[in-house]
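Observations on chain architecture
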Amino acid sequence: AENSNSPEEAFVMVRWFSLVAVLVLFVSLLPAFSQNAQPAPAGKELSPGISEETFKTLDAMVDKALDGYNNADTKVFYADFAKSMAAIATDQAFQTLYKDNYMTNFGKYKSKKFDPAKSVLSDGMGLLSYTAEFEKNAKMTVSVNIMKEEDKLLFMQIQFNPAP
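What counts, and at which threshold
- Residues numbered from 1 in each chain as written.
- Predicted model: local features only at pLDDT ≥ 70, side-chain atom pairs only at ≥ 80, totals over all residues.
- Heavy atoms only, no water.
- Axes fitted to C-alpha atoms, helices over the stretch in contact; angles between N-to-C directions.
- Helix = DSSP H or I, 4+ residues; strand = E, 2+ residues; numbered from the N terminus.
- Parallel < 35°, antiparallel > 145°, perpendicular 65-115°, else oblique.
- Contact = heavy atoms within 4.5 Å.
- Nonpolar A, V, L, I, M, F, W, Y, C, P; charged D, E, K, R; others polar.
- Polar contact = N/O pair within 3.5 Å; in protein donor to acceptor, adjacent residues only side chain to side chain.
- Phe/Tyr/Trp six-rings, centres within 6.5 Å; stacked < 30°, edge-to-face > 60°.
- Buried < 20%, exposed > 50% of the residue type's maximum accessible area, 1.4 Å probe, protein only.

**Topic: the packing of helix α2 (residues 52-70) against helix α4 (residues 91-106)**
Between α2 and α4, the shortest axis-to-axis distance is 11 Å and the interhelical angle comes to 75 degrees. Accordingly, the angle class assigned to the pair α2 and α4 is roughly perpendicular. Every residue of α4 that contacts α2 at Gly68, Tyr69 and Asn70 is listed here: Phe94, Tyr98, Tyr102 and Met103. Grouping the amino acids of the contact of α2 with α4 by side-chain chemistry returns 5 nonpolar, 2 polar and no charged.

Shown next as C-alpha cells:
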C-alpha cells in the first residue's frame, strides 16, 4: 500500500509521539525523584531551580548536542542523554526525527538564547528552553527535557519547534 502521509502529517505524528513518550516517562519517574528533592546550589538562580553553575554545565551539554545535530553525529548528539532513554536514543530515531524531519524542515542550527521564563529544574526533573535560529527558520524554540540519573543531570529529549 502506498504511504499517503504528507511531510506535515509525518512531522505532527513524530512530534506527538515524542511528547507522549516523554510525558509517560516523566509521570512514571516522578515519584522516584520527588523523594530526593534537593535545593538548588547556592548562588544566583537564572530560573527556578537553575543556578548559574548548573546552567553553565547544562548549556555546554546543549551546545555539544546541537553540534552533533549539525554534523549528523549521533554519538556526539546522544552523549549526554540518560541511559534510561536508550530505547529512543538510537541511530534510527536520529535519522527519522532529526535528519529526515528537523534538518529537512529547519536546516542546521545557527544560534540560541536562553529563555529563563520558560525554564525550570525541580526534584531532578526540568526543562531548558531557548529561542533559536536555524538556517530555514529564524524563529524557533529548542526545548531540552532533563532528568537526574545516577546523581547527574542528563537529557531525556531535545525538541525543535517553530516559535509561536
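**What to know about the side chain of Thr74**
Locating Thr74 in the fold gives a position in helix α3 (residues 74-77). Within the structure, Thr74 has its side chain in polar contact with the side chain of Asp91 (distance 2.8 Å). The contacts of Thr74, once residues within four sequence positions are left out, are Asp91 and Phe94.

**Here we look at the packing of aromatic side chains**
Applying the stated criterion across every chain, the model contains 20 aromatic pairs. Note on Tyr78 and Phe94: the rings are 6.3 Å apart at their centroids and 80 degrees apart in plane angle, and the pair reads as edge-to-face. One end of the pair, Tyr78, is in the loop between α3 and α4; the other, Phe94, is in helix α4, with 16 residues separating them in the sequence. The residues Tyr78 and Phe94 share a single accessibility class, namely buried. Summarising the aromatic geometry, the rings of Phe81 and Phe155 are spaced 5.9 Å apart at their centres and angled 90 degrees between planes, so their arrangement reads as edge-to-face. Residue Phe81 is located in the loop between α3 and α4, and its partner Phe155 is located in strand β7 (residues 152-162); the two are separated by 74 residues in the primary sequence.

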